[in-house]
Amino acid sequence: MSRFELTIWGARGSIPAPAAANTRFGSDTSCVELRCGDHVIVLDAGTGIVGCGRKLYNGEVRDVDVLLTHCHFDHIIGLPFFMPLYHAGTSVRIHAGHFEDNTTCRNMVERFMCPPYFPLTPKQFAADIKYCDFRPPDVLDLFPDVRIRTVRLNHPNGAVGYRVEYGGRAVCYITDTEHRAGGLDQGICDLIEGADIMIYDSMYTDEEYPKYRGFGHSTWEEGVRLCRAAGVPRLVAFHHDISRTDTWLADLVGRAQAVFPGMLVAETGLTLDIAERVRIVEAG
């Protein structure tokens, strides 16, 4: 099959974490790039999308779909700095479906990018922009060969999980969500069933979780339970808390792989080939 790759551009949660102790796993907030053949899909627009956008533009990518899980700041703060938005001849479609009221994707971007909070507005975009609204469990057929299934997640103000299918393979992106005591989230289980890899909200550990109940986040151990139940061989721990240093996250790699050998911990620059089997192309 043709190219199917994912690259992590940002894996932090809540706010960026720039510090000397975070050089390996990175400091930028949520952004993942998918290459499905010639198609480019960007999941979330945290600060990681800044470097992603620069690479895409310099690589003469002129057609991009941006899929937002939700519009909390750490997932959209990089959008005004996404280089392709400011260049004529580029087409960018921005998708959002997490809203629990009558807000639209266009409404959200226009309210987010306006004085006095930001000096530019979407009127400064030079690209051909389309704002695309949906509601889970809608299926998004972006291209004839790419199918995206969606699920509503358990997060304050709403959030969406995605399953991107291409060439008989599937990548699932499940952040931000809080698991419920007493059983797995059946909606997530159904969405990820038989996928090749799941990127999952691993903000906390099971030991820490009781202190943060209600915050809208989950644990890497819950990710393992979901993968085992749904037959997913690879799990990427994602949305790292600001307190997680390189030392802490490196220790997590060893502890988690002892429990679930298919476990990876997201780091900026990590690239995985999904086309034949999930393998590391480049580490961060």
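Keep in mind that this is a model prediction, so the values were computed, not measured.

The rules we used
Counting starts from 1 at the beginning of each chain's written sequence and moves along it residue by residue. Totals for whole chains, interfaces and linings use all residues, but because this is a predicted model, local features are given only for residues with pLDDT of at least 70 and pairs of side-chain atoms are given and counted only at 80 or more. Here the side-chain values reflect all heavy atoms present in the structure, with hydrogen atoms and water set aside. The criterion for strand pairing is that DSSP finds at least two bridges linking the strands in question. By the criteria applied, helices consist of DSSP H or I runs no shorter than four residues and strands consist of E runs no shorter than two, each listed in order from the N terminus. Every angle, taken between N-to-C directions, lies between 0 and 180 degrees, and every axis is a line fitted to C-alpha atoms, over only the stretch in contact when it is a helix. Two residues qualify as a contact provided that any one of their heavy atoms is within 4.5 Å of a heavy atom in the partner residue. Here's how the labels work: a residue is buried when its accessible area is under 20% of the maximum for its type, exposed when over 50%, partly exposed in between, all with a 1.4 Å probe on protein chains only. What we call a nonpolar core is a set of buried Ala, Val, Leu, Ile, Met, Phe, Trp, Tyr and Cys residues that are connected through their side-chain atoms within 4.5 Å. Planes of paired rings set the category: under 30 degrees apart is stacked, over 60 is edge-to-face and the rest tilted, where pairs are Phe, Tyr or Trp rings (Trp by its six-membered ring) whose centres lie within 6.5 Å. Comment: the charge-over-ring label is applied if NZ (Lys) or CZ (Arg) is within 6 Å of the ring centre and within 35 degrees of the ring normal.

Novice: Honestly, the sheet that holds strand S8 (residues 146-153) in this entry has me stumped. Any pointers?
Specialist: Within a sheet, adjacent strands bond to each other through the backbone by hydrogen bonds, running parallel or antiparallel. The seven strands are arranged S7-S8-S9-S10-S11-S12-S13 in an open sheet whose pairing can be described as mixed. The open sheet has two edge strands with one neighbour each: strand S7 (139-143) and strand S13 (263-265). With strand direction ignored, the average angle separating the axes of adjacent strands in the sheet is 20 degrees. Pairing analysis gives four bridges linking strand S11 (residues 197-201) to strand S12 (residues 235-238), with the strands arranged parallel. Directly across from Ile199, in S12, lies its bridge partner Val236. Contacts between helix H5 (residues 220-230) and the sheet are confined to S11, S12 and S13, with S11 contributing the most and set at about 150 degrees to the helix.

Novice: Can you help me understand the pairing of strand S9 (residues 159-166) in this one?
Specialist: When you tally the buried positions in S9, you get eight out of eight residues, the bulk of the element. Judged by which residues are buried, S9 turns out to be covered on both faces: Ala159, Gly161, Arg163 and Glu165 on one side and Val160, Tyr162, Val164 and Tyr166 on the other are all buried. With eight bridges connecting them, S8 and S9 associate as antiparallel partners. Directly across from Ile148, in S9, lies its bridge partner Val164. Adjacent in sequence and paired antiparallel, S8 and S9 are bridged by five residues, among which Asn157 carries a positive phi angle near 75 degrees. Across five bridges, the pairing between S9 and strand S10 (residues 169-174) is antiparallel. When the sheet's bridge partners are listed, Glu165 is paired in S10 with Ala170. In textbook terms, the turn of a hairpin is the stretch between consecutive antiparallel strands, and for S9 and S10 this stretch comprises two residues, one of which, Gly167, has a positive phi near 60 degrees.

Novice: Quick question: what am I supposed to make of the nonpolar core here?
Specialist: If you look at soluble globular proteins, the nonpolar side chains tend to sit buried side by side. In this structure, Leu6, Ile8, Ile41 and Tyr162 are the most contacted members of the largest nonpolar core, which totals 31 residues. For Ile8, the residues in contact, after removing those within four places along its chain, are Cys31, Val32, Ile199, Phe238, Ala266, Glu267, Thr268, Gly269 and Leu270.

Novice: Is there a simple way to think about the packing of aromatic side chains in this case?
Specialist: The description of an aromatic ring pair uses the distance of the two centres, along with the angle that the planes make with each other. The full count for this structure, using the stated rule, is eight aromatic pairs. Ring centres of Tyr86 and Phe125 lie 5.4 Å apart, and the angle between their planes is 80 degrees; on these two criteria the pair is classed as edge-to-face. One end of the pair, Tyr86, is in the loop between helix H2 (73-76) and strand S5 (91-96); the other, Phe125, is in the loop between helix H3 (105-112) and strand S6 (128-133), with 39 residues separating them in the sequence. Since its relative accessible area comes to 10%, Phe125 is described here as buried. An angle of 5 degrees between the planes, with centres 4.2 Å apart, marks the rings of Tyr204 and Tyr212 as stacked. Aromatic rings pair up to connect Tyr204, Tyr212 and Phe215 into one cluster. Here the basic side chain of Arg62 rests over the ring of Tyr57, its NZ or CZ set 4.0 Å away from the ring centre.

None of this, on its own, says anything about what the molecule does.
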